[in-house]
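Per-entry structural report
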Amino acid sequence: MEKALENLLQKLKKHNPSADLDPVIKAFEFSKAKHEGQFRVSGEPFFSHPVAVANILADMALDVSSIAAALLHDVVEDTDVTEAEIAAEFGETVELLVSGVTKLGKIPYTSNEDQQIENLRKMFLAMANDVRVIVIKLADRLHNLRTLKSMPEPKQREKARETLEVFAPLAHRLGMSKIKMELEDLSLKYIDPIGYYEIVDKISQKQGEREKNIADMISLLNSRLETLGIEAHVEGRAKHFYSIYRKMFIQNKTIDEIYDLFAVRVIVNTDADCYAVLGMVHELFKPIPGRFKDYIAMPKPNMYQSLHSSVIGPNGVPFEIQIRTWAMHNTAENGIAAHWKYKEGKVGKSDLDSKLEWIKQLLEIQKDLTNAEDFMQTLKIDMFSDEVFVFTPKGDVVSLPAGATPIDFAYAIHSAIGNKMQGAKVNGKIVTLDYKLKNGDIVEINTSNAVHGPNLDWLKIAKTSQARNKINQWLKKENRSENILKGKEQFERELKKALIPVSYMNDTDLFGKILSKYGFAQTEDMFATLGYGGSNATKFLTKFKELCKQDMASKNEISDISPEQFLLKTTSKANQSGVVVDGIDNCLIRISHCCSPVPGDKIIGYVTRGRGVAVHRADCINITNAHFSPEEQMRFINVHWANEVESSFQAMLCITAPDRNSLLADIISVISDLKIPIKSLNARTAKNNLAIVELSIEVKNIENLETAINKLKNIKGVLAVARRRQ
Ligand code: MN
């Protein structure tokens, strides 16, 4: 077997002798074959990279799936292998990890603004459905940084900055301090080489002194520990250049003022031993006031636990001491990754359990924390996300609630973008406006000045109150005359549905009685509000219908109104002008004097402000030569002469259903919603209490008819809808 594979398996066996290593062997061979012939910038075979990443994770004792995924992590991005193949060969878990890492690799890092960077970190967490994806990504980044020197200089700085801004803070949040420190030190080397080497230099000048001091301290502690009979491991602490750098260059301290240069760590078996060692240390050396911290009783938000103290050491040198158990040590070094560590002899918990346990522990700790950082909050939110993070085409991150649509996105950018929105593209493809945005989507809004503006449907689609408020505002302000027409039309339709004669609309007594009660100064205000979907107008309508019904009952009209009579009452009279406005059957129409159209002329309508629809000849010079603003252009509507027959035909439908209350009302409502004229309607009751409804309607085409038939079939109780030729 190949040496590299053998080494890797060795590490896995060390942490979990009973693990099934086959997936790792298979992933190794697979990835090796697929990356064959590919090389890194350094000239090394590409495959050395996934192997190195797998080793970093194996050293952290991650599970077999993570190691296999690490070996395969660049296969989808850099070879012709598909995610489906990975799933077929290695199962769903490995596939999800690989595709997760691939996805994270595609996040662009472009912004320098703090808010953007924080959003990027959040998106990172939100996108990785499995925390192991982030752990693998961090290991990937670590190895890339370790081998950064073969990259060109601008690339080095770019990668180093990304690492400091996004990856190292993520490692910190997840408690993976070992990776975090190495990422920071490596980044520093490329971002500020002069500062970095200055520190290296200063430290090495003191190397001899430092090593002697530490050795003295360790031997003193060891002999004392032995006397006390405490089993312990004492070590000098690794230097963390970046933290020294920050202290020197940001806090302006000299190298002699930095305690972490002289630091030891004592690792013991039990919590009790930790406190025993602390007592011993404080007995041996004079503690420096204000430097003791008990992170065992009060863990840090990322679960870090240890006792910290600073004392005056053997040669009068200040020393930092950390005391912790092995378990705390593992968590301190590997953080969340420690939770996938194999527990020898035990069956591993499911991934979800581990993840939940981690969150549970974090929450548990948070309860005890008085000064919890917002880390907890963000981690909690991010992991079980209510948010979705998407990009503008420029790479800015926009955070929206989960389920948000392009409409929400557009209004989050600017209300003018929303109001002029024509359509949206996600990742380069056109989507419908109710598309649910996903993490990492790049969203592009197409705007046009010719756009009519938002409509009522948008209100139903929009998820954020911000978008809804802005849409409402627009509908109220910008669209009043259209809303009045629309509201009036809707009002009539609702009355018809309720079998109330439309003539009631002219009953100013009834109207006026309640208009001001619902906050309307005049009828038009109410129609306008209804037109844009305002709720007080809907309430008004409900109340009005109620009053009409009462009135009808008092006049005894409900009981003896026949469908035919009803239709006669409600069908609007042919407009005197002889012009029909598409979609609107009861509006004020004016024949324009400039061109005086006569029946047979091609005509067009223009919705005036408050004076109904003006009808012009389509070739009227005022229409063809004038320049109209986009808003004015929206005011043109289709009209035609009433006697002009637009390829329509009559169809007779026969509907069978058990007789029940409001069956007829339901049928009329369906047809009138479709804006299909009803020519006649007959109903009778057959045996078995079945109602037979014969309905003659005028439809434009066969699709129109089929829609009607389908809608009718969906009415409660309807057994059959048959079509008859007349
Ligand atoms: Mn990689």
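About the criteria used
- Residues numbered from 1 in each chain as written.
- Predicted model: local features only at pLDDT ≥ 70, side-chain atom pairs only at ≥ 80, totals over all residues.
- Heavy atoms only, no water.
- Helix = DSSP H or I, 4+ residues; strand = E, 2+ residues; numbered from the N terminus.
- Contact = heavy atoms within 4.5 Å.
- Phe/Tyr/Trp six-rings, centres within 6.5 Å; stacked < 30°, edge-to-face > 60°.
- Buried < 20%, exposed > 50% of the residue type's maximum accessible area, 1.4 Å probe, protein only.
- Donors = N, O, S within 2.8 Å, 3.2 Å for Na, K, Ca; no water.
- Core = buried A, V, L, I, M, F, W, Y, C linked by side-chain atoms within 4.5 Å.
- pLDDT = per-residue confidence, 0-100.
- Polar contact = N/O pair within 3.5 Å; in protein donor to acceptor, adjacent residues only side chain to side chain.
- Salt bridge = Lys/Arg side-chain N within 4 Å of Asp/Glu carboxyl O.
- Pairing = 2+ DSSP bridges.
- Axes fitted to C-alpha atoms, helices over the stretch in contact; angles between N-to-C directions.

1. Here's the deal with the overall build of the protein
Counting secondary structure elements, the protein contains 31 helices and 21 strands. When contacts within the protein are restricted to residue pairs at least 6 apart in sequence, those whose partners lie at least 24 apart make up 67%.

2. Some words on the packing of aromatic side chains
Within the structure shown, the criterion is met by 13 aromatic pairs. Ring geometry for Tyr295 versus Tyr304: centroids 6.0 Å apart, planes at 75°, classification edge-to-face. Here Tyr295 falls in the buried class, since its relative accessible area comes to 18%. We classify Tyr304 as buried; its relative accessible area is 12%. Ring pairing ties together the aromatic residues Phe491, Tyr518, Phe520, Phe527, Phe540 and Phe544, which thus form one cluster.

3. Regarding the coordination of the manganese ion
Protein coordination of the manganese ion is provided by His49 (NE2), His73 (NE2), Asp74 (OD) and Asp140 (OD), with donor distances spanning 2.2 to 2.3 Å. Along the chain, the residues donating to the manganese ion are arranged with the sequence spacing H-x23-H-D-x65-D. Of this pair, Asp74 sits in the loop between helix H4 (64-72) and helix H5 (75-78) while Asp140 sits in helix H8 (residues 131-146), placing them 66 residues apart in sequence. Asp140 shares its class with Asp74; the two are buried.

4. A look at the nonpolar core
Nonpolar side chains tend toward joint burial in soluble globular proteins. Counting 64 residues, the largest nonpolar core has Leu57, Ile67, Leu72, Ile86, Met176 and Ile179 as the members making the most contacts within it. Dropping the residues within four chain positions of it, Ile179 is found in contact with Ile56, Met60, Leu138, Leu142 and Ala171. Counting 38 residues, the second-largest nonpolar core is a separate cluster that includes Tyr196, Ile244, Phe285 and Val311.

5. With respect to the environment of Leu690
Within the fold, Leu690 resides in strand S20 (residues 690-699). Put simply, Leu690 and Asp659 are 31 residues apart on the chain and 5.3 Å apart in space, counted from C-alpha to C-alpha. Beyond its immediate sequence surroundings of up to four residues, Leu690 is in contact with Thr656, Ala657, Pro658, Asp659, Arg684, Thr685 and Leu719.

6. Section: the confidence of the model for the protein
Predicted confidence across the protein gives a mean pLDDT of 79, with 83% of residues reaching 70 or more. Residue range residues 341-357 is modelled with pLDDT below 50. Its contacts to residues more than four positions away, or to other chains, number 24 contacts.

7. Some thoughts on the side chain of Asp63
Locating Asp63 in the fold gives a position in the loop between helix H3 (48-59) and H4. At 2.7 Å, the side chain of Asp63 and the side chain of Arg132 are in polar contact.

8. Some thoughts on the pattern of salt bridges
The tally for this structure, following the rule as stated, stands at 23 salt bridges. In this structure, Lys26 engages Glu89 in a salt bridge whose closest nitrogen and oxygen atoms are separated by 3.5 Å. One end of the pair, Lys26, is in helix H2 (residues 22-35); the other, Glu89, is in helix H6 (residues 83-104), and 63 residues separate them in sequence. Residue Lys26 is classed as partly exposed on the basis of its relative accessible area, which comes to 39%. Its relative accessible area of 38% is what places Glu89 among the partly exposed residues. The shortest N-O distance in the salt bridge between Glu182 and Arg146 comes to 2.6 Å. With a gap of 36 residues between them, Glu182 in helix H10 (residues 177-191) and Arg146 in helix H8 connect regions that are remote in the sequence. Shared partners join several salt bridges into a network, and the residues in it are Glu489, Arg493 and Asp673.

9. Regarding the side chain of Arg265
Here Arg265 is to be found in strand S2 (residues 263-268). In this structure the side chain of Arg265 is engaged in a polar contact, spanning 2.9 Å, whose partner is the side chain of Gln322. Excluding residues that lie within four positions of it along the chain, Arg265 makes contacts with His233, Val234, Glu235, Arg237, Gln322, Arg324, His329 and Glu333.

10. What to know about the sheet that holds strand S9 (residues 421-426)
What the 3 strands build is an open sheet, ordered S10-S9-S11; its pairing is antiparallel. Unpaired on one side and paired on the other, strand S10 (429-431) and strand S11 (443-447) mark the two borders of the sheet. For this sheet, the mean angle separating the axes of adjacent strands, direction not counted, is 40°. As defined by bridge partners, S9 adjoins S10 across 3 bridges and the pair is classed as antiparallel. Looking at S10, one finds that Lys425 is bridged to Ile430.

11. Some points on helix H18 (residues 406-413)
Of all 8 residues in H18, 6 are buried, a share of seventy percent or more. When H18 is considered as a whole, its buried residues turn out to be Pro406, Ile407, Asp408, Phe409, Ala410 and Tyr411.

12. So, the sheet that holds strand S13 (residues 589-591)
Judged by pairing direction, the sheet is mixed, and its 4 strands sit side by side in the order S13-S15-S14-S16 without closing on themselves. Here the strands that pair on one side only, and so sit at the sheet edges, are S13 and strand S16 (636-637). Summarising the sheet, S13 and strand S15 (residues 613-617) pair through 3 bridges and their orientation is parallel. Across the sheet, residue Ile589 finds its bridge partner in S15, namely Val613.

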